[in-house]
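# A closer look at the structure
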Amino acid sequence: MATTDRQATTLALAHALSAAERGLAVLPLSRSKLPALRSPHRDDPAPSPCHGACGRLGHGVYDASSDPDRIRELFAAAPWATGYGIACGLPPHHLIGLDLDVKTGTDSSAALRELALRHLFTIPPTVVVVTPSGGRHLWLSGPPEVVVPNSAGRLAPGIDIRGAGGYLVGPGSRTAQGVYAAAPGTAHLAPAPCPRSLLRLLLPPPRAHHPLPASADGHGQGLVQFVLAAHEGQRNTRLFWAACRAYEDGIGPALVDALAAAARATGLSEREARATIASAARMTGHRP
């Protein structure tokens with residue numbers, strides 16, 4: 001058994017390094033599909049959120065890297081790892097994973113086809129990973145200014161979404177349930193762009209639309225303050241959501257300059273800010 005585990009770890013590392021060559025950030029996983037390295041803060045009496053700022057290993061998806069030396073360091077610290085995870089939401093692909101489950105008694109593939117017919121989108125040729133249970137992971141790429149959250153069953157029964165802060169089990173990983181493998185003919189593909197109408201379904205549902213009077217200065221100022229309060233790592237996200245809300249509430253065009261100025265105050269460039277606001281306009285069905 002020890003030899004088998006060592007072989008599995010060696011294979012997992014090889015697959016992880018291969019994924020990193022494609023620009024994907026990876027981390028070692030145990031047979032349970034969980035991050036192989038335990039949190040260094042697990043024994044702290046009152047652990048505070050840490051995404052790796054302490055410099056130690058064991059921060060789950062925040063350990064993920066596409067640097068070969070870093071990946072070897074991670075696997076060396078977890079010689080029991082038999083698989084690897086691929087972090088979602090990170091550049092260059094901004095990966096979004098559609099997890100089509102077969103264990104819930106529902107036909108997730110049929111549910112996705114129904115959604116595609118209803119919302120007029122087609123899943124383009126992309127990487128498909130077959131899970132040991134017979135399910136499938138579909139890899140899609142998202143636009144850099146849009147943050148897709150993780151969700152379970154919200155899109156449709158049996159369909160989970162892996163977005164920012166989540167990860168997908170990489171092909172070649174060996175788990176307690178079996179081996180994950182790329183579907184024939186898809187391993188060489190790059191993650192295909194997520195269809196725009198599907199992307200809208202993956203985002204949190206917008207608030208109910210209540211037309212606001214043109215004099216709704218207080219509401220607009222609240223959105224501007226929301227952007228101004230952004231810290232590094234959330235500036236684009238806050239700007240995008242504030243712009244979406246502004247356009248949905250009918251005050252988007254009037255608030256563009258104020259939102260862009262607020263974004264610049266947080267450290268975004270004029271070009272980044274304008275591009276994010278324009279993306280929000282398109283996402284909500286408006287002309288930027």
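This text follows the structure it describes.
Here goes a summary of the coordinates provided.

Rules and cut-offs
- Residues numbered from 1 in each chain as written.
- Predicted model: local features only at pLDDT ≥ 70, side-chain atom pairs only at ≥ 80, totals over all residues.
- Heavy atoms only, no water.
- Buried < 20%, exposed > 50% of the residue type's maximum accessible area, 1.4 Å probe, protein only.
- Helix = DSSP H or I, 4+ residues; strand = E, 2+ residues; numbered from the N terminus.
- Pairing = 2+ DSSP bridges.
- Axes fitted to C-alpha atoms, helices over the stretch in contact; angles between N-to-C directions.
- Parallel < 35°, antiparallel > 145°, perpendicular 65-115°, else oblique.
- Left-handed = near helix turned anticlockwise from the far one by under 90°.
- Contact = heavy atoms within 4.5 Å.
- Nonpolar A, V, L, I, M, F, W, Y, C, P; charged D, E, K, R; others polar.

With that out of the way, let us pick up the pairing of strand β2 (residues 83-87). With respect to burial, β2 is a largely interior element, five of its five residues being buried. Burial along β2 is two-sided: the residues G83, G85 and A87 and Y84 and I86 are all buried. Looking at chain direction, strand β1 (residues 26-29) and β2 are connected through four bridges and run antiparallel. In the strand pairing of β2, P28 is matched with Y84. Of the strand pairs in this sheet, β2 and strand β8 (residues 167-169) are connected by three bridges, and their pairing is antiparallel. Its bridge partner lying in β8, I86 is registered against L168.

Helix α7 (residues 252-266) packs onto helix α6 (residues 235-248) with a crossing angle of 170° between their chain directions and a minimal axis gap of 10 Å. On the basis of the axis angle, α6 is roughly antiparallel to α7. Seen from above, α6 lies across α7 with right-handed handedness. Between α6 and α7, the residues in contact are R235, L239, A242, A243, A246 and Y247 and G252, P253, L255, V256, L259, A263 and T266, respectively. Its residues assigned to classes, the contact of α6 with α7 shows ten nonpolar, two polar and one charged.

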